[in-house]
Every structure is written in structure tokens, then in C-alpha cells.
Amino acid sequence: MVLQKLIVNLHLQFQFIEKLIIVLESLTSHLHQLGKPFLKFLLIGVLNTIIGTIIMLVCYNIFHLGYWLSSALDYSLASIVSYILNKRFTFQYKGGILRSLVRFIINIAVCYFIAFGLARPMVRYVLAGLSLSFDKPTLENIAMLLGTGLFVIINFLGQRFFTFRENEDSKFTHTML
């Protein structure tokens, strides 16, 4: 039952992605005039983060899949969307797919484990320092939201300077700001 609901959710997400690409193509023409790939990254990131966070919280709170599985499902699905959209729209990367995909997977994995590995202990530490205590589900919901924020920051840096970095001898250079 849970697997069937996840498959339906995945199918709906891919339908949404197709529609999102059409909208992003229109928005990209406006953003291109600004010459700010960083704005494109933020736009894609905000949309992807909203969708992913909903998936993560639904998996955790409704399907009771646990902290690590819920956040891993979110970031696995959202990472596919992120790779496609950021490669195509944000960075307009012309390099090899295999090279960028391998780097992307490494970047996502490192960002995920850093962000979510730090989030839960950070929330516990801050709440203890404030003499606040919450039940485990509330604490983990707060940690997942913090992990999401940490992930966005670390992921941008990784994609900008590692995943979609052009070779030094490339004719194409990208500046973010």
C-alpha cells in the first residue's frame, strides 16, 4: 500500500516536472535578460525545495517512514529534477553528461549527509540550550527543515564550483553573480 502510494506520487511528480519545464522556459527568457544564473538557481531551488519538503514531510508524518528514509526519498527524487533543470537552465552546461552526472551524484550525497547529519544534533543542542524539549517527531520535523536549509546552501556551492564547473580550457565560462 505504501509502495503503491509512493509510485503514484512519483508519477505525479514527473508529470509536474514536465509542466514545470514549460513554465521555466518562459521564466528563463525573462531571467536571461537579467544575466543572473544565480536567480535561476534560486527559482529552481525554491520550487524543488517546496515540492521535496512536502514529499519528505508526508513520508515522515503520514507514511511513518522515519527520519532518514523520508529525507532520502525526498532528496533522491528532488535531485533528479535538480540535475535536469540546473544543467539545462541554470548553468547551461555544455560538458559531458557522464562527468557532470557523476559529480552531481557525489555532490548530492556529500551535501545530504553533511546537512542532515548536522541538522538533528544542532536542533537538539539549540533546544537544550533554550531549555526546550519536544517529542521525537516534532524534533525531527524541525531537524528536517533545518537540514533542508543547510542542504540548499551547500548544494549551491557544490553545483557551482564542482558539478557544473567547466574545464579550465573550455571556451564557456559561467559567472554566478
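Now for a look at the structure at hand. (Residues numbered from 1 in each chain as written. Predicted model: local features only at pLDDT ≥ 70, side-chain atom pairs only at ≥ 80, totals over all residues. Heavy atoms only, no water.)

**Quick word on the side chain of Asn155**
To keep it simple, the criterion reads: Helix and strand assignments come from DSSP, with helices taken as H or I runs of at least 4 residues and strands as E runs of at least 2, each series counted from the N terminus. Partly exposed residues are those whose accessible area sits between 20% and 50% of the maximum for their type, while under 20% is buried and over 50% is exposed, using a 1.4 Å probe and protein chains only. In this analysis, two residues are considered to be in contact whenever any of their non-hydrogen atoms come within 4.5 Å of each other.
Following the sequence through the fold, Asn155 ends up in helix 5 (residues 136-163). Relative accessible area serves as the criterion here: at 6%, Asn155 is assigned to the buried category. Apart from residues no more than four positions distant in its own chain, Asn155 is found in contact with Phe41, Ser82, Asn107, Ile108 and Cys111.

**Concerning the packing of helix 2 (residues 37-61) against helix 3 (residues 67-90)**
Rule in force here: Where helices are involved, their axes are fitted lines through C-alpha atoms of the stretch in contact, as for all axes, and angles between N-to-C directions lie from 0 to 180°. An angle below 35 degrees is treated as roughly parallel, one above 145 as roughly antiparallel, one from 65 to 115 as roughly perpendicular, and anything else as oblique. Two helices cross in a left-handed way if the nearer one is turned anticlockwise from the farther one by less than a right angle. They cross in a right-handed way if the turn is clockwise. We call Asp, Glu, Lys and Arg charged. Ala, Val, Leu, Ile, Met, Phe, Trp, Tyr, Cys and Pro are nonpolar, and the rest, Gly among them, are polar.
Where helix 2 meets helix 3, the closest approach of the two axes is 9 Å, and the angle between their N-to-C directions is 155 degrees. The orientation of helix 2 relative to helix 3 falls into the category roughly antiparallel. The interaxial crossing formed by helix 2 with helix 3 has right-handed handedness. The residue inventory of the contact of helix 2 with helix 3, partitioned by class, reads 14 nonpolar, eight polar and two charged.

**Comments concerning unusual backbone geometry**
Here Gln92, not a glycine, exhibits a phi torsion of approximately 45 degrees, which is positive. Relative to the helices and strands, Gln92 resides in the loop between helix 3 and helix 4 (97-129). For Gln92, a relative accessible area of 32% puts it in the partly exposed group. Here the phi dihedral of Ser131 falls at roughly 55 degrees; this positive angle occurs in a residue that is not glycine. On the secondary structure map, Ser131 appears in the loop between helix 4 and helix 5. The exposure class assigned to Ser131 is exposed, which follows from its relative accessible area of 68%.

Such coordinate-based values are descriptive only and should not be taken to indicate function.
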